[in-house]
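Here is how the chains run, residue by residue.
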Number of protein chains: 4
Amino acid sequence: MIPAKPLPSFLTQRFEGWKATTFAENKHWYKRLAVEGQRPRVMVISCCDSRVHVTSIFGAEQGEFFIHRNIASLVPPYQPDGEQHGTSAAVEYAVTALQITNLIIMGHSRCGGVRGCYDMCSGNAPELEEKSSFVGRWMDLLRPGFEALEDGDEATRVDALEKEAVKVSLRNLMTFPFVAERVDDGRLSLHGLWNDIAEGELHGYNAANDRFVKV
Amino acid sequence: MIPAKPLPSFLTQRFEGWKATTFAENKHWYKRLAVEGQRPRVMVISCCDSRVHVTSIFGAEQGEFFIHRNIASLVPPYQPDGEQHGTSAAVEYAVTALQITNLIIMGHSRCGGVRGCYDMCSGNAPELEEKSSFVGRWMDLLRPGFEALEDGDEATRVDALEKEAVKVSLRNLMTFPFVAERVDDGRLSLHGLWNDIAEGELHGYNAANDRFVKV
Amino acid sequence: MIPAKPLPSFLTQRFEGWKATTFAENKHWYKRLAVEGQRPRVMVISCCDSRVHVTSIFGAEQGEFFIHRNIASLVPPYQPDGEQHGTSAAVEYAVTALQITNLIIMGHSRCGGVRGCYDMCSGNAPELEEKSSFVGRWMDLLRPGFEALEDGDEATRVDALEKEAVKVSLRNLMTFPFVAERVDDGRLSLHGLWNDIAEGELHGYNAANDRFVKV
Amino acid sequence: MIPAKPLPSFLTQRFEGWKATTFAENKHWYKRLAVEGQRPRVMVISCCDSRVHVTSIFGAEQGEFFIHRNIASLVPPYQPDGEQHGTSAAVEYAVTALQITNLIIMGHSRCGGVRGCYDMCSGNAPELEEKSSFVGRWMDLLRPGFEALEDGDEATRVDALEKEAVKVSLRNLMTFPFVAERVDDGRLSLHGLWNDIAEGELHGYNAANDRFVKV
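Residues numbered from 1 in each chain as written. Chains lettered and ligands numbered in written order. Predicted model: local features only at pLDDT ≥ 70, side-chain atom pairs only at ≥ 80, totals over all residues. Heavy atoms only, no water.

Peer 1: I'd love a proper account of helix α10 (residues 177-184) of chain C, names of residues and values included.
Peer 2: Taken together, the buried positions of α10 of chain C are Phe178, Val179, Ala180, Arg182 and Val183 of chain C. Tucked inside the fold, the buried residues of α10 of chain C contact α4 (86-97), α9 (154-173) and β4 (189-196) of chain C together with α7 (134-139) of chain D. The first or second residue beyond α10 of chain C is Gly186 of chain C, which carries a positive phi of 90 degrees. (Buried < 20%, exposed > 50% of the residue type's maximum accessible area, 1.4 Å probe, protein only. Helix = DSSP H or I, 4+ residues; strand = E, 2+ residues; numbered from the N terminus. Contact = heavy atoms within 4.5 Å.)

Listed below in structure tokens is the structure:
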């Protein structure tokens, strides 16, 4: 037997609140979206972190944003080896089936995954080096970002690594033939963002000078 | 050079709206969350679909929900082979580092990923069988769900497959030692949900009779 | 021969600016909207006034808002007499063909049309009473609003008449069978707004107490 | 009671974004416009279509463009019969009260109203022939355009009808004495445009050879 339990009542209450407000206000729109299907314009790849919800930041309405969330909002390189690649599957579906026109990588401050990567690469987290560590192996994707860090104090370097994570993902996205082709012919635009949780700011990646600047 | 572009202006306006309202109202809370770190109580694994945002359905406040979103909200089985498993990394981080107490798998109606799996397993989507299809290989995870379907008309079977997807994921979750251990000693509860987009309803998985019932 | 002239160069320059920025950024989205058609969610009936652009206030993106603009954002009562009713045609198309789910009437401060109506009804604008005055005849629609005004000084009464205009239009909308039917069964929501140009504020009509309150 | 509802929250967020940016940046200008009144230079008559916003195409700043939008951007002939003519009222107000110097008729590709007219005149949309069809009666204005079409395949003829709509409106404008008089003495210029949504192009009506050419 699957040991699943009923929804806790604090969530049932919230669901009923949503149903009486947001759903009630947008009932017919939800019905149309169910019947006609979604037509999102933007895909966002964001972190699982509970402090960063792009649905809130961009007022993501029903049907507008296709959202993949994983640890540190990382995209692996193109690797069509027949294995399971959840992030690559999400990108493939959004780009080729839904034909989204904008793809945003959204990093953020105080990212636990990036911090773990920093510690691991600095030799301070041997448990993340173990083969069985899913977080460690996932954060291996960010090793090239760690290698690219300039010297400096730790806080500065961890901050910089959060931004490197966005750049690594943007670079990896371009290794997907169906992404590169559409970026090249203009059907798809890529965007890199970094959210400062404490200040409520967005910094956008500027390809011209390879820097992040406040939006 | 990374071919990234500035954020489109329609998103800048929305961000400014969030900053002037949600962020302004919760400024000090955001600051504390940044300094003290997140302490989410619940992890939700949900679909990328633009019509189903758990942040909306559960009024996800800043810091409360750790959210992983992938195609069809699938969890693969435990496979510590040193390869990259984004979903497993998210589960590991949520359960062992953040010590969340509730883990929800949230499926939904009209799921494009589940539909693709149904077509593939029925022999009607040969392109998804190709080794290079990320979506196809990802949806392989749901093959046991397809095998378990009862006879019936197509619409009924596709609906049923959406619910099998939730059950497959719950079962796979229990193959992770750190999940099973905490479910067994009561530190962690698992929950299966299915969202009917058109009706705005949640159906919860009832382990006792192996059925989904309206919340 | 039709005495039309080429577009003035100050507008050509602006068009080229749009093409190099907004269009270039959203090229593929425009193409999809052209091929797949529009699916706007909201209709707005707004004034022609050059100081009130809902496209700016709501960041109206390509494909989202179906917008009718006339003098004083008035809706006439349902009158299927075989004559030309441009506003009724726009409402009919939006509600029955496009199936929009929200219909907003947007009035505003310092409205020249409303002022003209006030002067006409007060006996101070005889030229607007002439049969040949298109503005006068159009503003006849607002006479019931003038009748409903409370005593007071002129400035207060003109302000109040701007808000009566929104209410007259909302009431007239309900005389259209295809509107009333959808409002009754929940497929369509009506909203009344009044924009204070100088203060940049929106006031929403609150049906419960028959007043406008700041959004 | 008027069954109006509060503004949906997704629009509130967007309004707050506008207030924090566009309004904040132009606060004093808005105040002056409120106190001194509008002084628009151009009137545009455009379609309600959600894919064609002249405010975007011409970067319509606060106070510059007086905009009337109706189905297919049609202008009826001069008919001072004491009935309500919303479009004629807007033209009268713009030309005689605001004394705009340029009046633009803006048509566009993939126009649903024009398509309806084509089907109706071809005998394929009997429901639009009914007396109670507001869209049908409104599109009667374009019947002379349909009569003027050359033979050819359907796609070419529908395209041509979109341009005929602009010409019909320009011709009808000249039946208004206050328009003709000002066009004749040079105080007012008329312009005909057609916007290709997919290509982001404007085609201007050239009276000399009765053709539309790319701006």
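Moving on from the model shown.
Peer 1: Help me get a handle on the pattern of salt bridges, residues and values and all.
Peer 2: If you walk through the whole model with that rule in mind, you get 62 salt bridges over all chains. Here Glu164 of chain A and Lys167 of chain A are joined by a salt bridge, their closest N and O atoms 3.5 Å apart. Remark: Lys167 of chain A and Glu164 of chain A occur in helix α9 (residues 154-173); sequence separation between them is three residues, near one turn of the helix. Taking relative accessible area as the criterion, Lys167 of chain A reaches 8% and is therefore assigned buried. Two residues, Glu129 of chain C and Arg143 of chain C, come together in a salt bridge whose shortest N-O distance is 2.9 Å. Of this pair, Glu129 of chain C sits in helix α6 (residues 126-129) while Arg143 of chain C is found in helix α8 (residues 143-147), placing the two residues 14 residues apart along the sequence. (Salt bridge = Lys/Arg side-chain N within 4 Å of Asp/Glu carboxyl O.)

Peer 1: How would you explain the relation of the copies chain D and chain C if you had to name every residue and give the values?
Peer 2: Of the two same-sequence chains, chain D is brought onto chain C (RMSD 0.1 Å, axial shift 0.0 Å) by a rotation of 180 degrees. Each copy turns onto its partner about a two-fold axis. In terms of C-alpha distance to the rotation axis, chain D has Arg69 of chain D as its closest residue, with the C-alpha 2.4 Å off the axis. Looking at chain D, 100% of its interface residues are interface residues in chain C too, so the copies touch through the same face. (Least-squares fit on C-alpha atoms with pLDDT ≥ 70 in both.)

Peer 1: Which residues make up the domain arrangement of chain A, and what are the values?
Peer 2: Partitioning chain A into structural domains gives domain 1 (9-37) and domain 2 (39-214). For domain 1 of chain A versus domain 2 of chain A, the distance between C-alpha centres works out to 30 Å. (Domains from an automatic or database assignment.)

Peer 1: So what about the UniProt feature "binding site: Zn(2+)" (unreviewed entry) in chain A? Which residues, and what values?
Peer 2: Residue and element names in this part refer to chain A. Cross-referencing UniProt, the feature "binding site: Zn(2+)" (unreviewed entry) maps to Cys47, Asp49, His108 and Cys111 in the present numbering. A maximum C-alpha distance of 9.0 Å places the annotated residues, which cover 65 residues in sequence, within one compact spot. With respect to the secondary-structure elements, His108 resides in strand β3 (residues 102-108). Under the relative-accessibility criterion, His108 is labelled buried at 2%. Once you skip the residues sitting within four places of it in the chain, His108 turns out to touch Cys47, Asp49, Arg51, Val52, Glu162, Trp194, Asn195 and Ile197. (UniProt positions renumbered as here; feature names shortened; annotations may be inferred.)

Peer 1: Can you explain the packing of helix α5 (residues 112-121) of chain B against helix α9 (residues 154-173) of chain B? Please cite residues and give values.
Peer 2: When two helices pack together, you describe them by how their axes are tilted relative to each other and by the distance separating the axes. Residue and element names in this part refer to chain B. The N-to-C vectors of α5 and α9 enclose an angle of 115 degrees; their axes lie 10 Å apart at closest approach. In terms of crossing hand, the pair formed by α5 and α9 is right-handed. In this structure, α5 contributes Val114, Arg115, Cys117 and Tyr118 to the contact, and α9 contributes Glu154, Arg157, Val158, Leu161, Glu162 and Ala165. (Axes fitted to C-alpha atoms, helices over the stretch in contact; angles between N-to-C directions. Left-handed = near helix turned anticlockwise from the far one by under 90°.)

Peer 1: Quick one: what's the story with the interface of chain C and chain A, residue by residue and with numbers?
Peer 2: In this assembly, 22 residues from chain C lie in contact with 22 residues from chain A. Summing both sides of the interface, chain C and chain A together bury roughly 1900 Å²; the carbon and sulfur share of this comes to 43%. It is His28, Arg39 and Arg41 of chain C that lose the most area in chain C upon contact with chain A, and together they represent 41% of the buried surface on that side. Linking chain C to chain A there are four salt bridges. Glu61 of chain C is the partner of Arg41 of chain A in a salt bridge, and the nearest nitrogen-oxygen pair spans 3.4 Å. Of the residues contributing to the side of chain C that touches chain A, the split by class is five nonpolar, nine polar and eight charged. (Buried area = accessible area lost by both parts, 1.4 Å probe. Nonpolar A, V, L, I, M, F, W, Y, C, P; charged D, E, K, R; others polar.)

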